[in-house]
Amino acid sequence: MSQILCPKCGAKTEKLYKNTCRECFLKTFTLAELPLVLHANICAKCGARFDRNKWRDEGDLDEIVIRTVEDALLVHNEANDVEIYVNPHQMTPHFYKVRVEVDAMVEGESLHQDLRAEVRVVRGACDRCSRMAGGYFEGILQIRATNRLPTAEEIDSCKMISALMVEKLWKKGDRLAFITNSSDSKDGTDLYLGSCNACRHICKNISNELGGSFTESATLHSHKEGKDIYRMTYAMRLPEFMSGDIILFKGDVIEIKNSGKNTKGISLSTGSRFLVETDNLKGAKLIANRKDAVAAVLVAVEGDDIMVLDPTTYLTVTLKKPMFFSSSAGSEIPVISTEQGLFALPEDSEHKL
């Protein structure tokens, strides 16, 4: 292979790199650059990192140090097939020494460069933790029930749904998704949240899982830089009827089995399944609850009918055989007395339709 002279140093070379020999090219070419001292600004409480005017959740301290170095590292734009290896070594809780190795292809040549840097960890308070500590909130979520008081189990379920949704939204980047405070009363509970977006998501999840509906309203809170600042109130109303309630709806006596977005139950009048959107259950009336049931002696079973001994009159009456019925004559079964008459209840009260 013929050789040519380097225009810069006069040495013979088989290939020119940017019109110079390899040695001259490497003297002026810098594969990568890294400042000798870097600062990693992190939140002392949650560990978030402040980067490009924004707090970001980026993992543990080692990962934050690596990300700080990678963000500061400059690799020549003519480098191809770049591979970077960052090896952090913690000296103290506030100080790291880092070695960086960079391998790349430039002008068809394989190049390698070692770099060193110090990363100094600066701890402070992020926007999220500062606001949480200061009791900051944008929205109030009021959890109530329609025409009744919510049960302790329902309140616990709503709080669990809220906590899980807040965590999910936080992981997705909503740093104001947090619960500042909660206040319980006999009417329900109030949750104070840093994000209106979180309030809406929580209400939708509660509606999907427990049923009910919600409304939102704004209240002027303050002024900032000539703009009105509002706080939002989200009124979450749980369904009027719960599992075990016995209602009168359009002339039919129904035992509620499950109430969410849809209300499911069993018609005690016909023995058939009942399903309706909860929002369409208007005009229904609560007439009893399964806990009010009493035991009655089963006298006989004939087709779709059963005969029982009325626990009040001690007379034999014929009732519609309920769903999931397997009792035999001589046993006791649950019955409920209402203004619409006596009804036998399905034996499996926990059966999901």
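Residues numbered from 1 in each chain as written. Predicted model: local features only at pLDDT ≥ 70, side-chain atom pairs only at ≥ 80, totals over all residues. Heavy atoms only, no water.

Here we take up the sheet that holds strand 22 (residues 305-309). Hydrogen bonding along the main chain pairs the strands of a sheet, whether they run parallel or antiparallel. Strand order in the open sheet formed by five strands is 23-22-21-24-25, with antiparallel pairing between adjacent strands. Strand pairing shows two members of the sheet lacking a second neighbour, strand 23 (316-320) and strand 25 (341-344), which therefore form its edges. Here the average twist between neighbouring strands, direction ignored, is 45°. Relative to strand 25, strand 24 (residues 332-338) runs antiparallel, the two sharing four bridges. Bridge pairing in strand 25 links T338 to G341. (Pairing = 2+ DSSP bridges. Helix = DSSP H or I, 4+ residues; strand = E, 2+ residues; numbered from the N terminus. Axes fitted to C-alpha atoms, helices over the stretch in contact; angles between N-to-C directions.)

Our focus in this paragraph is the pairing of strand 11 (residues 139-145). Counting buried residues along strand 11, six of its seven residues qualify, which places the element largely inside the surrounding structure. For strand 11 and strand 13 (residues 188-193), the ladder comprises five bridges, and the chain directions are antiparallel. Each residue of the ladder has a partner; that of I140, found in strand 13, is Y192. (Buried < 20%, exposed > 50% of the residue type's maximum accessible area, 1.4 Å probe, protein only.)

Time to look at helix 2 (residues 61-72). With 12 residues, helix 2 extends 17 Å between its outermost C-alpha atoms, agreeing within 8% with the 16 Å of an ideal straight helix rising 1.5 Å per residue. Those residues of helix 2 not exposed but buried are L61, I64, V65, T68 and V69. Buried residues of helix 2, seen end-on, are gathered within an arc of 135° and therefore sit on one face of the element. Its buried side turned inward, helix 2 meets strand 4 (37-43), strand 5 (49-51), strand 8 (80-92), strand 9 (95-106) and strand 10 (109-124). The residue sitting at the N-terminus of helix 2 and contributing the capping side-chain oxygen is D60; that oxygen lies 3.3 Å from the backbone nitrogen of D62. (Expected span 1.5 Å × (residues − 1). Arc of directions from axis to C-beta. Contact = heavy atoms within 4.5 Å. Polar contact = N/O pair within 3.5 Å; in protein donor to acceptor, adjacent residues only side chain to side chain.)

Another aspect to go through is the environment of A72. By secondary structure assignment, the location of A72 is in helix 2. The spatial distance from the C-alpha of A72 to the C-alpha of L38 is 8.0 Å, given a sequence separation of 34 residues. In contact with A72, not counting residues within four places along its chain, are E33, L34, P35 and L38.

The buried count for strand 13 comes to five of six residues, which makes it a mostly enclosed element. Taken together, the six bridges between strand 12 (residues 179-185) and strand 13 define a ladder with antiparallel strand orientation. The partner of S185 across the bridge, within strand 13, is G188. In textbook terms, the turn of a hairpin is the stretch between consecutive antiparallel strands, and for strand 12 and strand 13 this stretch comprises two residues.

Another point: the pattern of salt bridges. A complete count under the given rule lists 18 salt bridges for this structure. The salt bridge involving R49 is made with D51; its shortest N-O contact spans 3.5 Å. In this structure, R49 and D51 share a single accessibility class: buried. The partner of E255 in a salt bridge is R290, with the nearest N and O atoms 2.7 Å apart. On the criterion of sequence distance, the pair formed by E255 in strand 17 (residues 252-259) and R290 in the loop between strand 20 (285-289) and strand 21 (294-302) is long-range, its members being 35 residues apart. (Salt bridge = Lys/Arg side-chain N within 4 Å of Asp/Glu carboxyl O.)

Attention shifts here to the packing of aromatic side chains. The tally for this structure, following the rule as stated, stands at three aromatic pairs. Ring geometry for F50 against W55: centres 5.1 Å apart, planes inclined by 55°, an arrangement best described as tilted. Residue classification places F50 among the partly exposed positions, given a relative accessible area of 33%. An angle of 80° between the planes, with centres 6.0 Å apart, marks the rings of F249 and F274 as edge-to-face. Taken as a pair, F249 in strand 16 (residues 245-249) and F274 in strand 19 (residues 273-277) lie far apart in primary sequence, 25 residues in all. (Phe/Tyr/Trp six-rings, centres within 6.5 Å; stacked < 30°, edge-to-face > 60°.)

Once that is clear, we can look at unusual backbone geometry. Its identity is not glycine, yet N147 carries a phi of approximately 60°, on the positive side. Structurally, N147 can be placed in the loop between strand 11 and helix 4 (152-171). What makes N147 exposed here is its relative accessible area of 66%. Even without a glycine there, the phi angle at Y314 is positive, about 60°. Within the secondary structure, Y314 is located in the loop between strand 22 and strand 23. Take Y314: its relative accessible area is 60%, and that puts it in the exposed class.

None of this, on its own, says anything about what the molecule does.
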